[in-house]
Structures are given as C-alpha cells and as structure tokens.
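Structural description and commentary
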Amino acid sequence: MRSSGEFVSSLRHLKQRSGISYRQLERRAEAAGDTLPRSTIAQALTGETLPRRETVEAFVRACLGPEQAVTEAAQWLAVYDRLAGDGPPVHAMPPRRPSYWSTPGRFDHSRERPRAGRATGSGDTRSRCRPPCCSS
C-alpha cells in the first residue's frame with residue numbers, strides 16, 4: 001500500500017471479508033477491552049485519510065478475532081506506521097471555500113437589489129447595514 005486511501009480501502013475490504021456488521025464489530029471490540037463505536041468505524045471506512053492508530057488496532061482485532069489478530073494486527077500496524085510516518089494525515093482535497101473568500105475586503109454592490117425597508121431614495125432615511133469593507 002502506498003497511500004492512506006489504499007489503506008482505508010483495504011480496511012473496507014477486511015470488513016467485507018469478515019461479514020460482520022458495525023454493531024457486531026462494536027460488541028467484539030468491547031469484549032476484547034477496546035472502545036470502537038459504530039460511528040467511528042463508519043467514519044474511518046468512508047474517509048480517505050488514515051484513522052487513528054487505536055481505531056485501526058481495535059478494528060483489525062474485531063474483524064479477525066483473537067486467534068488471527070495476534071499475527072495480522074502487527075502487519076496492519078506496521079503498514080499504518082509507515083504511511084503515517086510520511087507526514088501527518090491530511091485530507092485528500094482541502095475543503096472548498098466559497099469564491100467570494102478569495103478576494104477579501106471586496107463586496108460587489110452592483111448585484112444588490114433594494115429590499116423592503118431599505119433606503120431606496122424614496123424618502124426612507126434609515127441607515128443601511130453595510131459590510132465593513134464599504135463603511136465610510
């Protein structure tokens with residue numbers, strides 16, 4: 001495995017091979033002394049970033065059972081440590097910001113339409129709420 005996305009995909013495949021539901025995984029982990037809520041499992045398997053190391057360890061043990069987990073968990077964690085050592089886990093794509101954030105301090109009033117109760121030149125002298133960039 002060369003990326004965190006491939007690692008998470010392999011975790012999903014491990015869950016499918018086990019044939020165990022999220023609820024059963026949660027119970028197995030609890031029986032082994034681990035904490036592994038269903039929501040954490042679901043979040044770990046839907047993302048493209050590395051989940052926490054403790055989550056991976058508990059997940060692998062719950063999927064494989066106590067006999068297999070002893071040998072295979074060490075292999076999974078070795079791969080995890082190698083991938084995590086390349087740098088801190090980051091999102092595959094940064095969150096998108098609205099386009100108007102790219103030009104701080106600018107506000108286009110040309111597209112603004114008068115609304116009820118706003119100063120429209122018809123004798124209404126109430127002050128308008130203006131963005132800080134346009135206040136004078």
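Please refer to the structure placed before this passage.
Quantities reported herein were computed from a predicted structural model and do not represent experimental measurements. Position numbers for residues count from 1 along each chain, tracking the sequence in the order it is written. For this predicted model, a pLDDT threshold of at least 70 governs which residues receive local features, and a threshold of 80 or more governs which side-chain atom pairs are given and counted, while totals over whole chains, interfaces and linings are taken from all residues. Remark: hydrogens and water are excluded; side-chain values derive from all non-hydrogen atoms of the structure.

1. As for the overall build of the protein chain
Scanning the protein chain from N- to C-terminus turns up 4 helices and 0 strands. Its helices and strands in sequence order give the protein chain the pattern α-α-α-α, from N to C terminus. For the protein chain, buried positions account for 25% of its 136 residues. Taking the contacts inside the protein chain whose residues are at least 6 apart along the sequence as the reference set, 64% of them involve residues at least 24 apart. Put simply, DSSP marks the helices as runs of H or I at least four residues long and the strands as runs of E at least two long, and each gets a number from the N terminus on. When a residue's accessible area, from a 1.4 Å probe over protein chains only, is under 20% of the maximum for its type it is buried; when over 50% it is exposed; and in between it is partly exposed. Residue contacts are counted whenever heavy atoms from the two residues lie within 4.5 Å of one another.

2. Here's the deal with the nonpolar core
In this structure, F7, L11, F59 and V60 are the most contacted members of the largest nonpolar core, which totals 24 residues. Going through the elements one at a time, helix 1 (4-18), helix 2 (22-31), helix 3 (38-46) and helix 4 (53-85) are the ones with two or more residues in this core. Here the element with the most residues in this core is helix 4; it accounts for 14 residues. Residues contacting F59, with those up to four places away along its chain left out, are L11, L14, K15, L25, L36, I41 and L45. By nonpolar core is meant a set of buried Ala, Val, Leu, Ile, Met, Phe, Trp, Tyr and Cys residues that side-chain atoms within 4.5 Å join together.

3. Here's the deal with the pattern of salt bridges
Note that side chains of opposite charge can pair when their charged atoms are close. The working definition used for a salt bridge is a side-chain nitrogen of Lys or Arg within 4 Å of a carboxyl oxygen of Asp or Glu. Per the stated rule, a full pass over the model turns up 6 salt bridges. Between R12 and E48 there is a salt bridge, and its shortest N-O distance comes to 3.9 Å. Of this pair, R12 sits in helix 1 while E48 sits in the loop between helix 3 and helix 4, and the two are 36 residues apart along the sequence. R12 sits in the partly exposed class, given a relative accessible area of 28%. Between D34 and R61 there is a salt bridge, with the nearest N and O atoms lying 2.7 Å from each other. Here R61 lies in helix 4 and D34 lies in the loop between helix 2 and helix 3, a separation of 27 residues in the sequence. Exposure remark for R61: the relative accessible area of 29% places this residue in the partly exposed category. Taken together, the shared-partner salt bridges connect D34, E57 and R61 into one network.

4. Considering the packing of helix 1 against helix 3
Viewed as axis vectors pointing N to C, helix 1 and helix 3 meet at an angle of 130°, and their least axial separation amounts to 8 Å. What the angle tells us is that helix 1 and helix 3 run oblique. Taking contact as the criterion, the partners of V8, L11, R12 and K15 in helix 1 are, on helix 3, A44, L45 and T46. Ten residues, namely Ala, Val, Leu, Ile, Met, Phe, Trp, Tyr, Cys and Pro, are considered nonpolar, four, namely Asp, Glu, Lys and Arg, are considered charged, and the remaining ones, Gly among them, are considered polar. Along the lines of polarity and charge, the residues of the contact of helix 1 with helix 3 split into 4 nonpolar, 1 polar and 2 charged. Throughout, an axis means a line fitted to C-alpha atoms (over the contacting stretch in the case of helices), and angles, computed between N-to-C directions, take values from 0 to 180 degrees. Working rule for angles: under 35 degrees goes down as roughly parallel, over 145 as roughly antiparallel, 65 to 115 as roughly perpendicular, anything else as oblique.

5. Describing the packing of aromatic side chains
Ring pairs are drawn from Phe, Tyr and Trp, using the six-membered ring of Trp, whenever the two centres fall within 6.5 Å, and their geometry is named by plane angle: stacked under 30 degrees, edge-to-face over 60, tilted for the rest. This structure, assessed with the given rule, holds 2 aromatic pairs. Here the aromatic rings of F7 and W76 are separated by 5.6 Å at their centres, their planes lie at 70°, and the arrangement is edge-to-face. On the criterion of sequence distance, the pair formed by F7 in helix 1 and W76 in helix 4 is long-range, its members being 69 residues apart. Each member of the pair F7 and W76 is classed as buried.

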